[in-house]
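# Observations on the three-dimensional arrangement
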Amino acid sequence: MKIEHCEFPDDLLYDAEGLVWARPLESGEIVVGITSIHAAVAGPVTKVTAKPLGVTYARGAAIGLLESGKYFGPIRTPVSGVLGEVNAAVLAKPRTLTDGSYNGGWFARLHPTNFEPEHRRLRSAAEARPILAKQIAALRVRCFAAFPNYEMFEIGIECSAVLAKLNELLTRIEVGDVVHLVTDDPTSPIEMVRWSDQTAQPVIDERKEGKLFHFLVRKVS
C-alpha cells in the first residue's frame, strides 16, 4: 500500500504512531523496524545505537536510537519483550535502516512477553491507513525511493544546461550516491529519459509537484 508515495507493506503490522512496524515470525519472535514515515522524518541516518541485549523492554520503550544531521530520536518497541538480536548490518552501515527499512534494514528481533493483548494495539496496513495518512500530513513527510546525497535546484534553467551540470557533478561523486534534481523545465521528463539511455545512469524516482519536476539519479558507474 502507498500513501503520498510512502510505502507500507501489507504483510506488516503498524504501531499507533505509524513510526514502527512489526512482523510476527513462526518461531514466536517479532521483527521490528521503522516505517517510511520515520525514515523520512529522520533523513539520511549517520549513527544507530542499540540498547543492551537480553533485557526485557516494555511496549513503547526505546530499544535503539538513531541520529542524522537533522534528527535524534528513539526507536520504540511496539510490543513488550526481550531484545534478542539487533541487525548488525544497520549498526555497521546506519543508512541501511532508512534506505531499506522494510527489507535488509530491519532493526531488531524480540521475544515477546505479552503479545496476545498487545497484538490488538497493532494495525494492518489497511486498518492503519487513516492514522498513516494523518501522520504524513502532520509531519509534512515526502517519501522518495532513496535519500539523496546531493541536491540540485535548477529553476529557470534550460534542461540542456541542467544536464551539463548533472554530468559534471557525477564525475565528482562516488558510485552509489544519489542526486535529487529539481527543475521547472517542461521538457525534462523526455530529456531525462534520453539522458539516462545515453549515460546508463538510472533515474530511480520521478514525480511532478505543481510546476516542479523531481528526479532521483543514482550513479552506477
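Look above for the structure.
Rules used in this analysis
- Residues numbered from 1 in each chain as written.
- Predicted model: local features only at pLDDT ≥ 70, side-chain atom pairs only at ≥ 80, totals over all residues.
- Heavy atoms only, no water.
- Pairing = 2+ DSSP bridges.
- Helix = DSSP H or I, 4+ residues; strand = E, 2+ residues; numbered from the N terminus.
- Axes fitted to C-alpha atoms, helices over the stretch in contact; angles between N-to-C directions.
- Phe/Tyr/Trp six-rings, centres within 6.5 Å; stacked < 30°, edge-to-face > 60°.
- Buried < 20%, exposed > 50% of the residue type's maximum accessible area, 1.4 Å probe, protein only.
- Lys NZ or Arg CZ within 6 Å of the ring centre and 35° of its normal.
- Contact = heavy atoms within 4.5 Å.
- Core = buried A, V, L, I, M, F, W, Y, C linked by side-chain atoms within 4.5 Å.
- Expected span 1.5 Å × (residues − 1).
- Arc of directions from axis to C-beta.

Moving on to the sheet that holds strand 9 (residues 72-76). Strand order across the open sheet formed by 3 strands is 6-8-9, with antiparallel pairing between neighbours. Strands at the two margins of the open sheet, each flanked by one partner only, are strand 6 (45-50) and strand 9. Neighbour-to-neighbour, the strand axes of the sheet open up by a mean angle of 25°, direction not taken into account. Direction of pairing for strand 8 (residues 62-68) relative to strand 9: antiparallel, over a ladder of 5 bridges. From the neighbouring strand, L65 faces strand 9, where its bridge partner is P74.

With that settled, the discussion passes to the packing of aromatic side chains. Counted under the stated rule, the structure contains 2 aromatic pairs. Centroid distance F8 to Y14: 5.9 Å. Interplanar angle 80°. Geometry classified as edge-to-face. Here F8 and Y14 have matching classes, each one buried. For the cation-ring pair, R109 lies above W106, with the distance from its terminal atom to the ring centre recorded as 5.4 Å. In this structure, R207 is placed above the aromatic ring of F144, and the distance from its NZ or CZ to the ring centre is 3.9 Å.

So, on to the sheet that holds strand 13 (residues 150-154). Read from one edge of the open sheet, 4 strands run 13-14-16-15, paired in mixed fashion. Across the chains shown, the open sheet's two edge strands, defined by having one partner strand only, are strand 13 and strand 15 (203-209). Strand-to-strand twist across the sheet, computed as the mean angle between neighbouring axes with direction ignored, equals 15°. Two elements, strand 14 (residues 178-183) and strand 16 (residues 212-218), share 6 bridges in a ladder whose sense is antiparallel. The residue bridging V178 from the neighbouring strand is R218, located in strand 16. Against the sheet, helix 7 (residues 188-199) makes contact with strand 14, strand 15 and strand 16, and its axis sits at roughly 15° relative to strand 16, the strand it touches most.

Moving on: the nonpolar core. One broad trend across soluble globular proteins is that nonpolar side chains are buried collectively. One finds V48, L66, L97 and F107 to be the most contacted residues of the largest nonpolar core, which totals 25 residues. Of all the secondary-structure elements, those providing two or more residues to this core are strand 4 (20-24), strand 5 (30-34), helix 1 (36-42), strand 6, strand 8, strand 10 (81-86) and strand 11 (108-112). With 3 residues, strand 5 is the largest single contributor of residues to this core. Contacts of V48, omitting those with residues within four sequence positions, involve L65, L66, V90, L91, P94, L97 and F107. Counting residues in each nonpolar core, the second largest holds 17 residues, with I37, L132, I136 and V141 among its members.

Time to look at helix 6 (residues 159-170). Along its 12 residues, helix 6 runs 16 Å from first to last C-alpha, staying within 8% of the 16 Å computed at 1.5 Å per residue. Within the span of helix 6, buried status applies to C159, V162, L163, L166, L169 and L170. Looking straight down helix 6, one finds that the buried residues subtend no more than 115° of arc, so they occupy a single side. Buried-residue contacts for helix 6 involve strand 13, strand 14, helix 7 and strand 16.

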